[in-house]
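Chain residues, written in single-letter form:
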Amino acid sequence: MKIGYIGLGKMGMGMVKLLLDKGHEVVATDLSEEARKEAETAGAETATNLEELTGKLPGEKFIWIMVPHQIVDKVLGELSEHLNPGDVVMDGGNSNFKETLRRAAELKEKDLVFMDVGVSGGPGGARNGACMMIGGARDKFDKYEPLFKDLSVGDGYAYMGAAGAGHYVKMVHNGIEYGMMQAIGEGFEILKNGHFDLDLAEVTRIYNNGSVIESRLIGWLQNAYKQEGEDLSAISGEVSHSGEGLWTVEEARERYIQTPVIEASLQFRIDSQGKPSYAGQVVSALRNQFGGHSVKKS
């Protein structure tokens, strides 16, 4: 297929390269000239603005946007001026599902199709195959399914439902992720300061070899220990949050659903500002391992 791609950050660049590897044609754009040149070197066609990008796409256009949720409306406002009825826009970023519902309705009034996809796997998944949770028109999902298959790990994509469903499932995924990472951080703070002088790297190895808590997260902590040492001395114990955990908690409250674990893990991140801890260093190290987030001490 030939698709448009907007946003060549750490996720977008990897996905564009994977699309090219799979034989698709890509017209990509980004505000960064350096990023555009890197995409060109990988084999993509590039454009310096959205009008130029859409002009290079024939027939029904499929355009994937991978930009911060704060600027999605700005991109859509300009992009929609250069699209034709029936064209499809896919939001691959971590947008609030309520915003996705609004955007889908607004674009429908312009006879445009808005879809959403929650992408899990971080930059490594973007480059080598991610897990994808897709929302929007079913007929468009069916039409572009080969594209989603090529961007995913084996059997790692699925249709979630109407517009907004993809971002909704990914939002809750991230809330669950908060709780799992928090439990690991707390557990390893106990191990580090507990009764025995333990080799924490060896603990991660054995936890990740047949135990009930064997997981990619434990494996990433093992990698962090190898790279940073068990004291994680270069890693900040102040943990940032990017919104999805908060949105999950807000949705749970609106539904009168109790989420004490997710709420506590979110509050820990908020309270960690100015109050770093070893559990915070572990959570930060995990965020760096799978998401490429900057977590070094300032």
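Visitor: Whenever I open this one, the packing of aromatic side chains confuses me. Can you help?
Guide: Remark: the centre distance and the inter-plane angle together describe each pair of aromatic rings, the angle taken between the planes. Summed over the entire model, instances satisfying the criterion amount to eleven aromatic pairs. Ring geometry for Phe188 versus Tyr207: centroids 5.8 Å apart, planes at 80°, classification edge-to-face. Remark: Tyr207 occurs in helix 9 (residues 200-207) and Phe188 occurs in helix 8 (residues 165-193); sequence separation between them is 19 residues. Residue Phe188 is classed as buried on the basis of its relative accessible area, which comes to 2%.

Visitor: Explain the side chain of Arg103 to me, please; I cannot follow it from the model alone.
Guide: Within the secondary structure layout, Arg103 lies in helix 5 (residues 97-108). Classification of Arg103 as buried rests on a relative accessible area of 3%. Within the local environment of Arg103, its side chain forms a polar contact with the side chain of Ser95, the two groups lying 3.5 Å apart. Residue contacts for Arg103: discarding those within four places in its chain leaves His69, Val72, Asp73, Leu76, Asp91, Ser95 and Phe114.

Visitor: Would you mind showing me how to read the sheet that holds strand 8 (residues 152-161) here?
Guide: For sheets, the rule is that strands pair by backbone hydrogen bonds, running either parallel or antiparallel. Spatially, the eight strands line up as an open sheet ordered 3-2-1-4-5-6-7-8, and their pairing is mixed. Every other strand in the sheet has two partners, leaving strand 3 (45-46) and strand 8 as the edge strands with one partner each. The sheet contact formed by strand 5 (residues 88-91) and strand 6 (residues 113-120) spans four bridges and is parallel. Its bridge partner being in strand 6, Asp91 is matched across the sheet by Asp116. In this fold helix 4 (residues 72-79) packs onto strand 1 (2-6), strand 4 (62-65), strand 5 and strand 6, with an angle of close to 155° to the strand it touches most, strand 4.

Rules used throughout
- Residues numbered from 1 in each chain as written.
- Predicted model: local features only at pLDDT ≥ 70, side-chain atom pairs only at ≥ 80, totals over all residues.
- Heavy atoms only, no water.
- Phe/Tyr/Trp six-rings, centres within 6.5 Å; stacked < 30°, edge-to-face > 60°.
- Helix = DSSP H or I, 4+ residues; strand = E, 2+ residues; numbered from the N terminus.
- Buried < 20%, exposed > 50% of the residue type's maximum accessible area, 1.4 Å probe, protein only.
- Polar contact = N/O pair within 3.5 Å; in protein donor to acceptor, adjacent residues only side chain to side chain.
- Contact = heavy atoms within 4.5 Å.
- Pairing = 2+ DSSP bridges.
- Axes fitted to C-alpha atoms, helices over the stretch in contact; angles between N-to-C directions.

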